[in-house]
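# Structure assessment
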Amino acid sequence: MNTKLSPRTQVALYGLLCLLLFPFIFPTWWMITSSIKPISQIFAFPPELFPSRVDFSSYTTAFEFQPFARQYFNSVYISVVVTVLTMLICSLAGYAFARIKFPGANIMFMVVLMGLLVPSEVTLIPLFQMFRAWGLSNTHWPLLLIQTIGASSVFATFIMRQFFITLPLELEEAARIDGLSRLKIFWTIALPLSRPALAAVAIFTFLHSWNSFLEPLVFISSRELFTLPVALVNFTDAYGGEMWNVQLAASTMSAIPVLVVFVIAQRHFIEGLAHTGLKG
């Protein structure tokens with residue numbers, strides 16, 4: 001059956017998609033264009049879609065007002081470390097729950113999933129007291145540890161388990177005949193095949209770590225150790241007013257790594273999500 005659309009239908013469909021896309025594109029466009037406007041033009045009415053005068057001084061001011069370069073590096077390295085550790089730990093845990101049969105496996109997996117039902121705010125005060133007793137307050141260790149074994153890792157373990165369940169058992173049986181150990185099977189067969197699921201985990205984890213605000217706000221008190229979400233709210237003048245153009249310039253620079261990660265891994269990301277719900 002021929003399902004090709006007529007040219008008129010295609011034009012109408014693309015026009016409708018462009019209209020639906022506008023509410024998602026406009027805030028990003030407004031953020032980028034407002035970052036190169038003087039403050040007086042940011043809230044002009046009617047709003048200017050294209051700045052009449054371009055001014056990039058807000059970008060240099062962002063680095064002069066506070067140690068923004070150091071804060072940018074803090075967010076990058078924390079997000080990268082958390083993402084790599086989460087991918088490693090959760091792929092091992094997901095493979096164990098999917099392939100290794102041991103007493104109470106399903107019950108243990110349900111207990112792990114219950115971690116998604118616990119709000120992070122509930123455990124924040126006990127965690128703060130624990131890290132302060134260990135002498136790790138005002139360091140990046142709480143951010144690394146909490147985000148690696150927190151709710152995002154539970155969701156990552158679920159994604160990896162669901163993906164490993166879909167892999168044919170014949171692959172492992174053939175590898176066992178060849179004398180491969182369980183760890184070798186995981187490292188040489190299961191893990192390379194799980195790249196779509198790993199891409200989904202990487203994007204979710206990186207985005208969660210990059211946008212984390214509450215934990216850095218509670219555990220970090222030095223400006224040099226701030227991450228970007230906390231640093232963005234500190235762009236205020238001497239009277240406590242918002243430095244809107246500087247804040248939007250910093251926000252624009254903060255959005256770049258997330259866009260880069262998603263563009264690189266989006267194909268595997270969609271494929272990984274499509275595979276996670278095939279079997280229970």
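As a reminder, the structure under discussion sits directly above these lines.
Reading the values: rules and limits
Every chain begins its residue count from 1, and numbering advances along the sequence as written. With pLDDT at 70 or above as the cut-off, local features in this predicted model cover only qualifying residues; side-chain atom pairs require 80 or more to be listed or tallied, and sums for whole chains, interfaces and linings still use all residues. To get the side-chain values, take all heavy atoms of the structure and skip hydrogens and water. Using a 1 Å grid laid over the protein atoms alone, points where a 1.4 Å probe fits but cannot get out form a cavity; open sets with protein on both sides within 12 Å along at least 5 of 7 lines form a pocket; any residue with an atom within 4 Å of a point counts as lining. Grid points are joined across faces, edges and corners, and a volume is the space filled by probe spheres set on the points. Helical segments are the DSSP runs of H or I of at least four residues, strand segments are the runs of E of at least two, and each set is numbered from the N terminus. Note on residue categories: nonpolar means Ala, Val, Leu, Ile, Met, Phe, Trp, Tyr, Cys or Pro, charged means Asp, Glu, Lys or Arg, and polar means any other residue, Gly included. Between 30 and 60 degrees the pair is tilted, below 30 it is stacked and above 60 it is edge-to-face, where a pair is any two Phe, Tyr or Trp rings, Trp via its six-membered ring, whose centres lie within 6.5 Å. Any residue under 20% of the maximum accessible area for its type is buried, any over 50% is exposed, and the rest in between are partly exposed; the area is computed with a 1.4 Å probe on protein chains only. The axes used here are C-alpha line fits, helices contributing only the stretch in contact, and every angle between their N-to-C directions lies in the interval 0 to 180 degrees. Angles are sorted into four bins: roughly parallel if under 35 degrees, roughly antiparallel if over 145, roughly perpendicular if 65 to 115, and oblique for all others. Contact criterion: two residues are considered in contact whenever any of their non-hydrogen atoms come within 4.5 Å of each other. In what follows, salt bridge is the name for a side-chain nitrogen of Lys or Arg lying within 4 Å of a carboxyl oxygen of Asp or Glu. Take the residue count of a helix, subtract one, and multiply by 1.5 Å to get its expected span.

Roughly 670 Å³ of volume is contained in the largest pocket. What lines the largest pocket is a set of 32 residues, and nearest its centre among them are Ile146, Ile149, Gly150, Ala151 and Ser152. Breaking the lining of the largest pocket down by element, the ones donating at least two residues are helix H4 (68-99), helix H6 (120-133), helix H7 (141-149), helix H8 (151-166) and helix H12 (214-219). Here the lining of the largest pocket gets seven residues from one element, more than from any other, and that element is H6. Of the residues in the lining of the largest pocket, the class split is 19 nonpolar, 11 polar and two charged.

Here the focus is the packing of aromatic side chains. Tallying each qualifying case throughout the model produces 20 aromatic pairs. Seen from their ring centres, Phe97 and Phe102 are 6.5 Å apart, and the 40° between their planes marks the pair as tilted. A relative accessible area of 13% places Phe97 in the buried class. Judged by relative accessible area, Phe102 falls into the partly exposed class, the value being 30%.

Right, let's talk about the packing of H8 against helix H11 (residues 195-210) for a bit. Following both chains from N to C, one finds H8 and H11 inclined at 170°, their axes separated by 9 Å at the closest point. Here H11 runs roughly antiparallel to H8, going by the angle between their axes. On the side of H8, the interface is formed by Ser152, Phe155, Ala156, Ile159, Met160 and Phe163, while H11 contributes Pro196, Ala197, Leu198, Val201, Phe204 and His208.

Another point: the pattern of salt bridges. Here the structure, examined in full by the defined rule, presents three salt bridges. Here Glu172 ties to Arg99 by a salt bridge, and the two come within 3.1 Å at their closest N and O atoms. On the criterion of sequence distance, the pair formed by Glu172 in helix H9 (residues 169-177) and Arg99 in helix H4 is long-range, its members being 73 residues apart. The closest approach of N and O atoms between Glu172 and Arg176, which form a salt bridge, is 3.9 Å. In this pair, Glu172 and Arg176 are both assigned in helix H9, four residues apart and thus about one turn of the helix distant. By relative accessible area, Glu172 is classed as buried at 8%. Connected through salt bridges with shared partners, the residues Arg99, Glu172, Arg176 and Arg182 form a single ionic network.

This part takes up H8. Quick reminder: α-helices carry 3.6 residues per turn. Residues three or four places apart thus point the same way. Helix length check: H8, at 16 residues, gives a terminal C-alpha distance of 24 Å against a target of 22 Å (1.5 Å per residue), a fit within 8%. Burial analysis of H8 places 13 of its 16 residues in the buried class, which makes it a mostly covered element.

Just distances and angles here, no functional claims.
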